[in-house]
Amino acid sequence: HSVFSSDFLVIGSGIAGLSYALDVANHGKVIILCKSEATESNTFYAQGGIASVTDPQDSFSSHIEDTLICGAGLCHKDIVELTIENAPQSIKNLAAFGVNFDRVKDSLSYQLGQEGGHSQRRILHSGDTTGMEIQQKVFEKAEQHPNIKILKNHIAIELIQDKSSNEILGAYVLNKETTEIN
């Protein structure tokens, strides 16, 4: 029976969990729980691309308008704006992690697709395996960080909560290989 301690607990090793872990790892120790192998996430299987304003002919306002139209009243405008305005920096971060987005031949410019309800070319791909490329590169970056510990084949089965403050103090975690609960 082993007990792990950290400042941050991340449940799941998809792009959201890995990105969060990398963001907070400079502020303390992080444990990431993976229910199976690291590649078992929705991110890994995503074949589509990522929409971001990267072309000087495009604009945030155009991307926001396209998204709100396609959202048919179901989008929260403030979240759409926040996501779209932060997307170019996210693309730069992913490229810095080594994600190889398709480029125009003999150029440093991204090869941009136009799909769905987008009125401009703003979709970045990495072949037909964009999710796998992102997952692998971001996971490698997390594995290399000295403040991040990745526990494969571990499942959170119950959160431990302080009843008076509602603060989450930790989790009971099942190690699938040993069947122990930590």
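What counts, and where the lines are drawn
Residues numbered from 1 in each chain as written. Predicted model: local features only at pLDDT ≥ 70, side-chain atom pairs only at ≥ 80, totals over all residues. Heavy atoms only, no water. Buried < 20%, exposed > 50% of the residue type's maximum accessible area, 1.4 Å probe, protein only. Helix = DSSP H or I, 4+ residues; strand = E, 2+ residues; numbered from the N terminus. Contact = heavy atoms within 4.5 Å. Pairing = 2+ DSSP bridges. Axes fitted to C-alpha atoms, helices over the stretch in contact; angles between N-to-C directions. Core = buried A, V, L, I, M, F, W, Y, C linked by side-chain atoms within 4.5 Å. Phe/Tyr/Trp six-rings, centres within 6.5 Å; stacked < 30°, edge-to-face > 60°.

Looking at helix α1 (residues 15-24), one finds that the buried residues are G17, L18, A21, L22 and V24. Those residues of α1 that are buried lie in contact with β1 (8-11), β2 (30-33), α5 (130-144) and β6 (148-151).

An order of β1-β2-β6 is seen for the 3 strands of this open sheet, with the pairing classed as parallel. Of all strands in the sheet, those with a lone pairing partner are β1 and β6, marking the two edges. Here the strands of the sheet are splayed against their neighbours by 20° on average, with no regard to which way each runs. Strand direction decides the pairing type here: β2 and β6, joined by 4 bridges, are parallel. In the sheet register, L33 faces β6, and the bridge partner there is L151.

On to the nonpolar core, then. Ranked by internal contacts, the top residues of the largest apolar core, which has 22 residues, are V30, I32, F101, A142, I148 and I150. Elements supplying a minimum of two residues to this core: α1, β2, α4 (77-96), α5 and β6. Discounting chain neighbours no more than four positions away, the residues touching I32 are V10, G12, S13, L18, A21, A142, I148, K149, I150 and L151. Counting 5 residues, the second largest nonpolar core, distinct from the first, contains I31, L33, L151 and V173.

Further remarks concern the packing of aromatic side chains. Tallied over the full model, the rule gives 2 aromatic pairs. Aromatic pair F8 and Y20: ring centres 6.3 Å apart, planes at 80°, arrangement edge-to-face. Taken as a pair, F8 in strand β1 and Y20 in helix α1 lie far apart in primary sequence, 12 residues in all. Relative accessible area serves as the criterion here: at 40%, Y20 is assigned to the partly exposed category. Judged by centre distance (5.9 Å) and plane angle (90°), the rings of F101 and Y110 are edge-to-face.

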